[in-house]
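For reference, the chains in residue letters:
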Amino acid sequence: MTIQPDTKAAANPTKTFFVRMITRDISLEDCILDLIDNSVDGAWKCEGSKPVGLAEGADLQKYRIDIEALPDHFRIIDNCGGMSLTEAVEHAFSFGRQATDKTDDYSIGVYGIGMKRAVFKLGEDIRVRSTFLDDEEMVSFAVPIKVGKWLENDTPPWDFDLEEDAPLANPGVEILVHSLTPGAVTSFGNPAFLQNLKRTIARDYSLHLARGLTITVNGEIIQGWKIELRQGNDFAPMRIEYQQNIDGSPVTVEIIGGMAAPPPDDVEPDEEDEGDKRFGWYVVCNGRIVLAADKTTISGWDTDGWPQWHRQYSGFMGVILFTSANAASLPLTTTKRSVDVSSEIYRQARPKMREVTRKWIDYTNIRKQAAEEAKRKEATAVAVSIQQIPLLDTVRLPTLVTKPKERVANVSYSVSLTRLKKLSSSLGNINLPYRDVGLKSFEYTYDDLVGGE
Ligand SMILES: Nc1ncnc2c1ncn2[C@@H]1O[C@H](COP(=O)(O)OP(=O)(O)O)[C@@H](O)[C@H]1O
Ligand SMILES: [Mg+2]
């Protein structure tokens, strides 16, 4: 058989393949975070897409994201400006960003997949609504998606219908999902899942919540974690900042580290101690915490001469922030749940992270021999939010005076019990422990023969 010169092997994807693949390796919780990221990106855009580093004083007080996660439906609605009709028509619903899509906006969205992945993971009957102010004119539309129906036909072009809709109360986006997937039904009926979701939001959006953003889950307002370090007298956190070019895009790196709380008296692990869960390293990409309270090799523990995390080091908090107009230059994994440890920019930051961690480790070691003095000093340092910490090359920790350990001798001897009782009686207390009788008689003889100190 001869093969015609223009014979090709087909490589077109199927819709089912896409839907299965993109939803496979991501948790429901991470999908919801992806939707929150989009709202946050919207709010940031309304604020003029400024850099999202700590120093920038953007106020997010007027923005709000409400989430309903219930066994019969899921809904997220924001007042973060909405998506324009052009955005919806041209790229918001396509799988993956095109090379020409604009990315110079300090967003956390990079790959152009989050929203689609999230809605497919959530359910079968989807409605994305948007209200957008276009040149003083309110434009409102909806994109309804019935997943089963859409999957029936793989013939390109792949698109979704778009229709006019009633306006939302404010410019913003609403995503409503009915006919939830079995996984979503189970999770949204499970108090532990919801508790975890709220905790994750409180932690990962703490920098946005600190700027005034409101997020609610099933009607409950989420209070963000406070990321604070202690400062005062002998304590000052490190805070450095530098820029690096990654594939032509400048990335700003900020590293902050120091004492968030005095170390514990007891070094045994204490699972009950909520505070303990907050210590360790935080990695932040364009304002979003992608790795929190890390105590693993990802932030460097147990590598390059760092010891493994141990409860002795509790009280330490370090934060590294990467900020770039081009989110693709950030050391971000696709699920935004960790940092790409092999990336150049992260590898170069590691020695600086190590330096501040090392100082804290040394401090907690010395502290064991001067615990009283250390505690007195630690008590005078006050909590300062990381936004307010001034620049400083290296962390400052107290120099503790440790007393050199004196060599000791143990004395042990046996005497008649009658004579010991007589002596303890003469020392003023017939019930004195034997050990004290021994010590007192030593002191007595010492004073007499050697003299006072
Ligand atoms: N809540 C929202 N507000 C404004 N625009 C949104 C919102 N959600 C999604 N979009 C638009 O949809 C696009 C696609 O979102 P997504 O699939 O998550 O990919 P990415 O965030 O990587 O661009 C976004 O870039 C944005 O233009
Ligand atoms: Mg996104």
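Remember, predicted model here, so these are calculated numbers, not experimental data.

J.: I keep staring at the layout of surface pockets and nothing clicks. Help me out?
T.: The rolling of a water-molecule-sized probe over the atoms marks out the regions of remaining empty space. In this model, the largest pocket occupies a volume close to 980 Å³. Around the largest pocket, the lining is made up of 42 residues, and of these Asn38, Lys45, Glu87, His91 and Arg97 lie nearest the centre. For the lining of the largest pocket, the elements supplying multiple residues, two or more each, are helix H2 (28-46), strand S2 (73-78), helix H3 (85-92), helix H4 (114-122) and strand S6 (172-180). In terms of residues, the lining of the largest pocket owes the most to one element, H2, which gives nine residues. For the lining of the largest pocket, the per-class residue count stands at 14 nonpolar, 15 polar and 13 charged. Listing elements by their share of the lining of the second largest pocket, those giving two or more residues are helix H11 (417-426) and helix H12 (434-449). A per-class count over the lining of the second largest pocket returns 11 nonpolar, four polar and four charged.

J.: Teacher, can you tell me more about the pairing of S2 here?
T.: Regular strands place their side chains on alternate faces of the sheet. Of all six residues that make up S2, five are buried, and the element is covered over most of its length. Of the strand pairs in this sheet, strand S1 (residues 64-70) and S2 are connected by six bridges, and their pairing is antiparallel. Within S2, the residue paired with glutamate 68 across the bridge is arginine 75. What sits between S1 and S2 in their antiparallel hairpin is a turn of two residues.

J.: Help me understand the pairing of strand S3 (residues 123-134) in this model?
T.: Summarising the sheet, S3 and S6 pair through eight bridges and their orientation is antiparallel. Counted as the bridge partner of arginine 129 is glutamate 174 from S6. What sits between S3 and strand S4 (residues 137-146) in their antiparallel hairpin is a turn of two residues, with aspartate 135 showing a positive phi close to 55°.

J.: Before we go on, may I ask you to explain a nonpolar patch on the surface in this structure?
T.: Side chains of Leu85, Val89 and Leu162 sit close together on the surface and give an oily, nonpolar patch of about 240 Å² of accessible area. Tracing the sequence through the fold places valine 89 in helix H3. Under the relative-accessibility criterion, valine 89 is labelled exposed at 58%.

J.: Hey, could you run me through the packing of H2 against H4 in this one?
T.: Packed helix pairs are characterised by how far apart their axes lie and by the angle those axes make with each other. For the pair H2 and H4, interaxial distance at closest approach is 9 Å and the crossing angle is 135°. As the angle between them shows, H2 and H4 are arranged oblique. The crossing of H2 and H4 is left-handed. Touching Leu28, Cys31, Asp34, Leu35 and Asn38 of H2 are Gly114, Met115, Arg117, Ala118, Lys121 and Leu122, all from H4. In the contact of H2 with H4, the residues fall into six nonpolar, two polar and three charged.

J.: Looking at this structure, how should I read the site of ligand 1?
T.: Lining the immediate surroundings of ligand 1 are 18 residues, of which Asn38, Asp78, Arg97, Gly112 and Lys116 lie closest. Asparagine 38 is positioned such that a nitrogen or oxygen atom in its side chain is 2.8 Å from an oxygen atom of ligand 1. Between an oxygen atom of ligand 1 and a side-chain N or O atom of lysine 116, the distance comes to 2.7 Å. Alone, ligand 1 offers 530 Å² of accessible surface; in the complex the protein occludes 92% of this. Its atoms largely coinciding with the cavity grid, ligand 1 occupies the largest pocket. When contributions to the shell around ligand 1 are tallied by element, the ones reaching two or more residues are H2, H3 and H4. Its residues assigned to classes, the shell around ligand 1 comprises seven nonpolar, seven polar and four charged.

J.: I would appreciate a short explanation of the packing of aromatic side chains in the present structure.
T.: As enumerated under the stated definition, the model contains 22 aromatic pairs in all. Their ring planes at 85° and their centres at 5.3 Å tell us that tryptophan 301 and tryptophan 306 sit as a pair that is edge-to-face. The exposure class of tryptophan 301 is buried, given its relative accessible area of 1%. Three or more aromatic residues joined by ring pairs make a cluster, and in this case those are Phe17, Phe18, Phe93, Phe95, Phe120, Trp150, Trp158 and Phe160. A cation over an aromatic ring shows up here: arginine 278 above the ring of tryptophan 225, its NZ or CZ 4.3 Å from the ring centre.

J.: Explain the sheet that holds strand S12 (residues 280-285) to me, please; I cannot follow it from the model alone.
T.: What links the strands of a sheet is backbone hydrogen bonding, and the strands pair in either a parallel or an antiparallel sense. Here five strands make up an open sheet; going across it, the order is S10-S11-S14-S12-S13 and the pairing mixed. With partners counted over all chains shown, the strands left at the sheet margins are strand S10 (238-246) and strand S13 (288-294), one partner each. On average, adjacent strands in this sheet sit at an angle of 15° to one another, irrespective of strand direction. Alignment of S12 against strand S14 (residues 316-323), held across six bridges, turns out to be parallel. In the sheet register, tyrosine 282 faces S14, and the bridge partner there is valine 319.

J.: Got a minute to help me understand the sheet that holds S6 in this structure?
T.: Reading across the sheet, the eight strands line up as S5-S4-S3-S6-S2-S1-S7-S8 and stay open at both edges, with mixed pairing between neighbours. Each having just a single partner strand, strand S5 (163-164) and strand S8 (220-221) make up the two edges of the open sheet. Packed on one face of the sheet, H2 meets S1, S2, S6 and strand S7 (214-217) and runs near 20° to S2. Of the strands in this sheet, S1, S7 and S8 are in contact with helix H7 (residues 191-204), which crosses S7 at around 170°.

J.: Would you take a moment to explain the state of the cysteines for this structure?
T.: What is meant by a disulfide is a covalent connection between two cysteines, made through their sulfur atoms. Per the counting criterion, the structure on display carries zero disulfides. Cysteine 31 takes part in no disulfide bond, and the closest cysteine sulfur to it belongs to cysteine 285, at a distance of 19 Å. Residue classification places cysteine 31 among the buried residues on the basis of a relative accessible area of 1%. For the unlinked cysteine cysteine 80, the closest cysteine sulfur is that of cysteine 46, found at 6.9 Å.

What counts and what doesn't
- In every chain, residue numbers begin from 1 and rise along the written sequence.
- Chains and ligands are labelled by the order in which they are written, letters from A for the one and numbers from 1 for the other.
- Reporting in this predicted model follows two pLDDT cut-offs: at least 70 for local features of residues, and 80 or more for side-chain atom pairs to be given and counted; totals over whole chains, interfaces and linings ignore these cut-offs and use all residues.
- Hydrogens and water are ignored here; the side-chain numbers use all heavy atoms of the structure.
- A cavity here means a set of 1 Å grid points, computed over protein atoms only, where a 1.4 Å probe fits but cannot escape. A pocket is an open set with protein on both sides within 12 Å along at least 5 of 7 lines, and lining residues have an atom within 4 Å of a point.
- Grid points are joined across faces, edges and corners, and a volume is the space filled by probe spheres set on the points.
- Each helix is a run of H or I in the DSSP string that is no shorter than four residues. Each strand is a run of E no shorter than two, and both are numbered from the N terminus.
- Put simply, Ala, Val, Leu, Ile, Met, Phe, Trp, Tyr, Cys and Pro go in the nonpolar bin, Asp, Glu, Lys and Arg in the charged bin, and everything else, Gly too, in the polar bin.
- Only protein chains enter the accessibility calculation, which uses a 1.4 Å probe; a residue whose area is less than 20% of its type maximum is buried, one above 50% is exposed, and one in between is partly exposed.
- A pair of strands is considered paired only if DSSP assigns at least 2 bridges between the two.
- A patch consists of residues exposed above 30% relative accessible area that lack any salt bridge, with like charges linked at up to 9 Å and nonpolar side chains (Val, Leu, Ile, Met, Phe, Trp, Tyr) linked at up to 5 Å.
- The accessible surface values rely on the Shrake-Rupley method and a 1.4 Å probe; as for residues, cover is taken only from the protein chains in view.
- Think of a salt bridge as a Lys or Arg side-chain nitrogen and an Asp or Glu carboxyl oxygen that are within 4 Å of each other.
- Only the stretch in contact is used when a helix axis is fitted, and all axes are lines through C-alpha atoms; the angle between N-to-C directions ranges over 0 to 180 degrees.
- For classification purposes, an angle smaller than 35 degrees is called roughly parallel, one larger than 145 roughly antiparallel, one from 65 to 115 roughly perpendicular, and anything else oblique.
- In this scheme the handedness of a crossing depends on how the near helix is turned from the far one: anticlockwise by less than a right angle means left-handed, clockwise means right-handed.
- By definition in these notes, contact holds between two residues if any of their heavy atoms fall within 4.5 Å.
- A single heavy atom is enough: if one lies within 4 Å of a molecule or strand, its residue is considered near that molecule or strand.
- For this analysis, a polar contact is any N or O atom pair within 3.5 Å, provided that within protein one partner can donate a hydrogen and the other can accept it, and provided that sequence-adjacent residues contribute only side-chain to side-chain pairs.
- Think of it this way: if more than half of a molecule's atoms are within 2 Å of a pocket's grid points, that molecule is in the pocket or cavity.
- In this scheme Phe, Tyr and Trp rings, the latter by its six-membered ring, pair at centre separations within 6.5 Å, and the angle between planes marks the pair as stacked below 30 degrees, edge-to-face above 60, and tilted otherwise.
- A ring has a charge above it when a Lys NZ or an Arg CZ is no more than 6 Å from the ring centre and no more than 35 degrees off the ring normal.
- Our working definition of a disulfide is a cysteine sulfur pair at a distance within 2.5 Å.

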